[in-house]
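# Summary of structural features
Next come the chains, spelled out residue by residue.
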Amino acid sequence: MNRRYALPLLIAAVALIAGGCQAVSLRDPVTEQALQVRDLYNLVFIIAAIIFFFVEGLIVWSVIRYRRKPTDTNLPVQTHGNLILEVVWTVIPLVTVFLLFIASWNVLSVVDARDASKAEIKVEVVGYQWQWKFAYPDNGIEVFGTPEQNAELVVPMGKVIQVTLVSQDVNHGFYIPQFLFQRDLVPGHVNVFQFTPNKVGTFTGQCSAFCGLMHHAMRFTVRVVTPEEYTAWLAESKSKPSPSPSESPSPSPSAIRLTTSAAF
Amino acid sequence: MAATAVRPIARPRTTLYEWLTTTDHKKIGILYTISSFIFLGVGGSLALFVRAELAQPGLQFLTESTYNQLFTMHASVMIFWVIIPFLAAIGNYVVPLMIGAPDMAFPRINALSFWMVPFSGLVVVTGFLLGGAADAGWTAYPPLSSIKYSPGPGMNLWIVAVMLVGTSSILGAVNFMVTIFRMRAPGMTLFRMPILTWTVLVTSVLVLMGTPVLTSALVMLFIDRNFGGAFFDPALGGSAILWQNIFWFYSHPAVYIMVLPGMGVISEILPVFSRKPLFGYKAFVFATAGIGALGFSVWAHHMFTTGSVFLPFFSVMTFLIAVPTGVKFFNWIATMWRGQITFTTPMLFSVGFLSMFLIGGINGVFSASVPVDYAIHATYWIVAHIHYVLFGGSFLSIMAGIYFYFPKMSGKMLDERLGKIHFALMYVGLNLTFLPMHLLGLAGMPRRIADYSPTAGWNDLNLAATIGGFMIGASFIPFFWNVFISLRSGEEAGDDPWEANTLEWATSSPPPAWNFDRLPAITSERPLFDARHARTGAEHE
């Protein structure tokens, strides 16, 4: 190949690979927990890619190399099996998935950590067809989403935020792509999770559990601000009455009765 | 009534009457195939409407209400009225022939199982004419599927139809099990059965254990909706999570119900066109049984994000089920290794299955890792996963089976050139449709949404998926043309056009009503191979 083209080609190849890797990664994480999920995903992806190229390579190789030629009149060797080989290709996947399980387990203990004593800010998220309500019980603030104005959850960076998830009607899903996280809102069952935002910005989220007619429009945003801005926001929000929702959720008392018991 | 009365009169029966009343497993197999293709037209059109709507942001063709009906019915029709009956078609046609039996054990029950399929299918699509089909997703999670949030008739029709089609499956499963256990030809021991027969047997066990559980869930939902029950209503002391547990207890094994017989088809085709026996026959049987057994211990991986699941158990079991699947892949590749491969259309679809189902296996392992599942659950990643399993896996194996068995069913060969065009279009189309969905999922696009924000960066990938979807649709044109011209003027197939291994090729094409005039000696899992090369099973065991 002409040397003149080598460098641009190399750059193009690197760009292509980098672009490809960008496309196959999760969104940029914006919480402490999400950083670990991202690393775990990358680990799983690398192992998956190795397995994929290895097995797909074997398939392609067999298909090209072992095509029947006109000279192939005699039967090929009739191999019925090979015990050692079969044990090897059972044990290696077994070990691989077990290691992946351990790695996942370590990350899960971080992502699912729910130590109430560590919670610095407590918010309650209420989902109902087809809007969100974000409440700060300690500050008496409630934010309702409307079709014109998505509900916005304002949280300070670097603090442990504890989210309580309650549904008033059907299942919903609280999903923020850049948190690399979602948790369902199930009627009759309260879910709690914690997160620690580590990046200032506004991040979109939307309902991930199919909830009926306007499911696709059930969006919200999370705005991560500095602690000072957060204090200012609290003061400002308390001084003005919360906007009345266009469609009041007005739950029946039984609909939000909190129970973890199953139906038995 | 004395001497004047009853004397049987030989009435000439029309072909139509013959087909409508048949209890012949081969005709029933063909009826299953026709019914499945009709519902494939329905389910496929629904998918194309969905893809057309999603090609661009904004609602162009459909309302939210219609969209929700379409994706709900697409999944329901494809699962219950296309893939499962397609596999029942292949099983019905081939299994009695493979084991040297004259018919299924219960021919009339067999006819009943079949006729319940188109009937229930009509019931479920009638919803569109009665003010709205089911629209709560094929998973029908309460409370959304309750009478309060889904008041239309579609949901009730859906429940009744799925119960009916489930009953059809249960009857079929019993029939297959009795046939396989009681009607094998002399010499056909269990470990000489073709792998396809094994996979149908394991599938039947899964159906028998899982489907009644689904039926019970449907009965409960029906009572909740129509008779004031509260099994799933948390406001009255029921549990919404209960449904998810019962539903997935059936519906996860249902994925294996939809894949195992396909794996069986592939395991018949690869040895024939590689001119080698299946590598590791017994390991393959145990892997099939292993997948079946593990299949009942992984259901709650669909529920990781609900916060009410014992995560370590379901995570580790979900990881584990990758192992027997991996064993099968290596068996298949080792079967081709050092073989003499010819690329007929059935072989092309089989290799297509290997390369695509591999993706469906690997991208499923991501969800076994609970924290990763938190990030990708309910996004388009999952849509990509299920379609690589059910389209790249089940459906390609079904097409492989149809190309493989068409000469036996009709006595005519299909045109190879048109078959290859079909394969190429479908293979490219399916990757163009479902590969971008991984990226959409990673980018944060939830599934089951009728519309998306134009600024979310999902436009191009969605457009690509839509183009791919229509390519898949177009790929059926050469296929149906091929079937049409081959039935009219195809090359005669003869008994055994592929130099195959198993008993169904030891009789004429199509076989007589009684299947066999005589059977070759059965001393291994490849009786025809032994006969062709004057070997006995003892020489290669």
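Residues numbered from 1 in each chain as written. Chains lettered and ligands numbered in written order. Predicted model: local features only at pLDDT ≥ 70, side-chain atom pairs only at ≥ 80, totals over all residues.

Moving on: the environment of tryptophan 381 of chain B. Residues and elements named next belong to chain B. Mapped onto the fold, tryptophan 381 is located in helix H13 (residues 380–410). A tally of 26 C-beta atoms within 10 Å means that tryptophan 381 is categorised as buried. Sequence separation of tryptophan 381 and threonine 507 is 126 residues, and the distance between their C-alpha atoms is 46 Å. Ignoring anything within four residues of it in the chain, the contact list for tryptophan 381 reads Ile376, His438, Gly441 and Leu442. (Helix = DSSP H or I, 4+ residues; strand = E, 2+ residues; numbered from the N terminus. Buried ≥ 20, exposed ≤ 12 C-beta atoms within 10 Å, placed from the backbone. Contact = placed C-beta atoms within 7 Å.)

It is worth spelling out the sheet that holds strand S8 (residues 191–195) of chain A at this point. Residues and elements named next belong to chain A. The strand order across the open sheet formed by 5 strands is S3-S2-S1-S5-S8, and the pairing between neighbours is mixed. Since the sheet does not close on itself, it has two edges, and those belong to strand S3 (141–144) and S8, each with one partner. When the angles between neighbouring strand axes are averaged without regard to direction, this sheet yields 20°. In this structure, strand S2 (residues 131–136) lies alongside S3, joined through 4 bridges in antiparallel fashion. Paired with lysine 133 across the bridge in S3 is phenylalanine 144. (Pairing = 2+ DSSP bridges. Axes fitted to C-alpha atoms, helices over the stretch in contact; angles between N-to-C directions.)

All names here are of chain B. Between its first and last C-alpha atoms helix H7 (residues 240–274) spans 51 Å; for 35 residues at 1.5 Å apiece the expected length is 51 Å, and the two agree. At tryptophan 248, H7 shows its largest kink, close to 35°. For H7, the tally of buried residues reaches 34 of 35 residues, placing the bulk of the element in the interior. In the stretch just after H7, arginine 275 is the one whose phi turns positive, near 55°. (Expected span 1.5 Å × (residues − 1). Bend = angle between axes of the 7 residues up to and from the residue.)

All names here are of chain B. Where helix H6 (residues 195–226) contacts H7, the two axes come as close as 8 Å, and the packing angle between them is 165°. Classified by the angle their axes make, H6 and H7 are roughly antiparallel. As for how H6 packs across H7, the hand of that crossing is left-handed. For the contact of H6 with H7, a count of residues per class yields 23 nonpolar, 8 polar and 1 charged. (Parallel < 35°, antiparallel > 145°, perpendicular 65-115°, else oblique. Left-handed = near helix turned anticlockwise from the far one by under 90°. Nonpolar A, V, L, I, M, F, W, Y, C, P; charged D, E, K, R; others polar.)

To continue, consider the confidence of the model for chain B. For any part of a model where pLDDT is low, the fine detail of the predicted coordinates should not be relied upon. When pLDDT is averaged across chain B, the result is 94; 97% of the residues are at 70 or more. Predicted complex metrics record ipTM = 0.91 and pTM = 0.92. (pLDDT = per-residue confidence, 0-100.)

Below, the discussion takes up the pairing of strand S6 (residues 172–176) of chain A. Residues and elements named next belong to chain A. The element S6 is largely enclosed, with a buried count of 5 among its 5 residues. The side-chain alternation of S6 yields two buried faces, one formed by His172, Phe174 and Ile176 and the other by Gly173 and Tyr175. Pairing of S6 with strand S7 (residues 181–185) involves 5 bridges; the strand directions are antiparallel. Following the sheet pairing, tyrosine 175 is matched in S7 by glutamine 182. Counted along the chain from S6 to the antiparallel partner S7, the turn is 4 residues long, and its residue leucine 180 has a positive phi close to 50°. Sheet topology note: the S6/strand S9 (residues 201–207) ladder contains 2 bridges and is antiparallel.

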